[in-house]
Amino acid sequence: MLNVGKAFSSFSVNDIQKAREFYSQKLGLEVSNGPEGTLVVPLSGDAKALMYPKPNRQPATFTVLNFPVESVEKAVDELSQRGVRFEVYNEPNLKTDARGISRGNGPTIAWFKDPAGNILSVLEAGGDGQRHILTKRSER
């Protein structure tokens, strides 16, 4: 019925050129042109993320794309040097340090936004951290 081997994620951006620059230059990802003015970012295996233009869009209030990394500290340092700004939260159920890193309430994770306001994250890929994020739904 459904072929998960061909499944992909998609989300909107309000400016394709700004998205291309951010995802390729700041995040260092391979970005290619997709059909009808879209952008495609290959993920793991055959998985892809498709970005499509939508000028009057409203950013999602949840994480649209997570990047597992070996060390969130190192990823935050490297991405910050490229101009990525991490979100700092001080909410009752969500707290980060001054660098935007959340520890101790699930996996070590840090959130940032793309130019369209989409929320992305880097999270530690090791052991229980990734299993936790995949089995417990998060609001971010």
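Residues numbered from 1 in each chain as written. Predicted model: local features only at pLDDT ≥ 70, side-chain atom pairs only at ≥ 80, totals over all residues. Heavy atoms only, no water.

Student: Would you mind showing me how to read the side chain of Ser 121 here?
Tutor: In this structure, Ser 121 sits in strand β10 (residues 119-124). A distance of 2.5 Å separates a polar atom in the side chain of Ser 121 from a polar atom in the side chain of Asn 66. With residues near it in sequence (within four places) discarded, Ser 121 still touches Thr 63, Leu 65, Asn 66, Phe 67, Ile 109, Ala 110, Trp 111 and Phe 112. (Helix = DSSP H or I, 4+ residues; strand = E, 2+ residues; numbered from the N terminus. Polar contact = N/O pair within 3.5 Å; in protein donor to acceptor, adjacent residues only side chain to side chain. Contact = heavy atoms within 4.5 Å.)

Student: Sorry, what's going on with the nonpolar core here?
Tutor: Most often, soluble globular proteins keep nonpolar side chains buried together rather than apart. By size, the foremost hydrophobic cluster in this structure holds 29 residues, and its most contacted members are Tyr 23, Leu 27, Phe 112 and Val 122. Going through the elements one at a time, β1 (9-13), α1 (16-26), β3 (39-42), β4 (48-53), β5 (63-69), α2 (72-81), β9 (109-113) and β10 are the ones with two or more residues in this core. The contacts of Val 122, once residues within four sequence positions are left out, are Phe 67, Val 69, Val 72, Ala 75, Val 76, Leu 79, Phe 86, Thr 108, Ile 109, Ala 110 and Phe 112. (Core = buried A, V, L, I, M, F, W, Y, C linked by side-chain atoms within 4.5 Å. Buried < 20%, exposed > 50% of the residue type's maximum accessible area, 1.4 Å probe, protein only.)

Student: Would you mind going over the sheet that holds β10 with me for this structure?
Tutor: Strand pairing in a sheet relies on backbone hydrogen bonds, with the paired strands running either antiparallel or parallel. With mixed pairing, the 4 strands of this open sheet are ordered in space as β5-β10-β9-β8. The outermost strands of the open sheet, each flanked by one partner alone, are β5 and β8 (101-102). Two strands pair when backbone bridges link them, and β8 and β9 are joined in this way by 2 bridges, in the antiparallel orientation. Its bridge partner being in β9, Ile 101 is matched across the sheet by Ala 110. (Pairing = 2+ DSSP bridges.)

Student: Just checking my understanding: could you explain the pattern of salt bridges for this structure?
Tutor: Proximity of charged atoms lets side chains of opposite charge pair with each other. Within the structure shown, the criterion is met by 6 salt bridges. The partner of Glu 73 in a salt bridge is Arg 99, with the nearest N and O atoms 2.5 Å apart. Here the residue Glu 73 occupies a position in helix α2, and Arg 99 occupies one in the loop between β7 (94-95) and β8, the gap between them amounting to 26 residues. Since its relative accessible area comes to 31%, Glu 73 is described here as partly exposed. (Salt bridge = Lys/Arg side-chain N within 4 Å of Asp/Glu carboxyl O.)

Student: How should the pairing of β9 be read in this particular structure?
Tutor: Looking down a regular strand, the side chains alternate between one sheet face and the other. Along β9, 4 of the 5 residues are buried, which leaves the element largely enclosed by surrounding structure. Remark: 6 residues form the turn of the hairpin made by β8 and β9, two consecutive strands paired antiparallel; Gly 104 in that turn has positive phi of roughly 85°. With 5 bridges connecting them, β9 and β10 associate as antiparallel partners. What sits directly across from Phe 112, in β10, is Leu 120. Connecting the antiparallel pair β9 and β10 is a turn made up of 5 residues, with Gly 117 showing a positive phi of about 90°.

Read these as layout, nothing more, since geometry by itself doesn't imply function.
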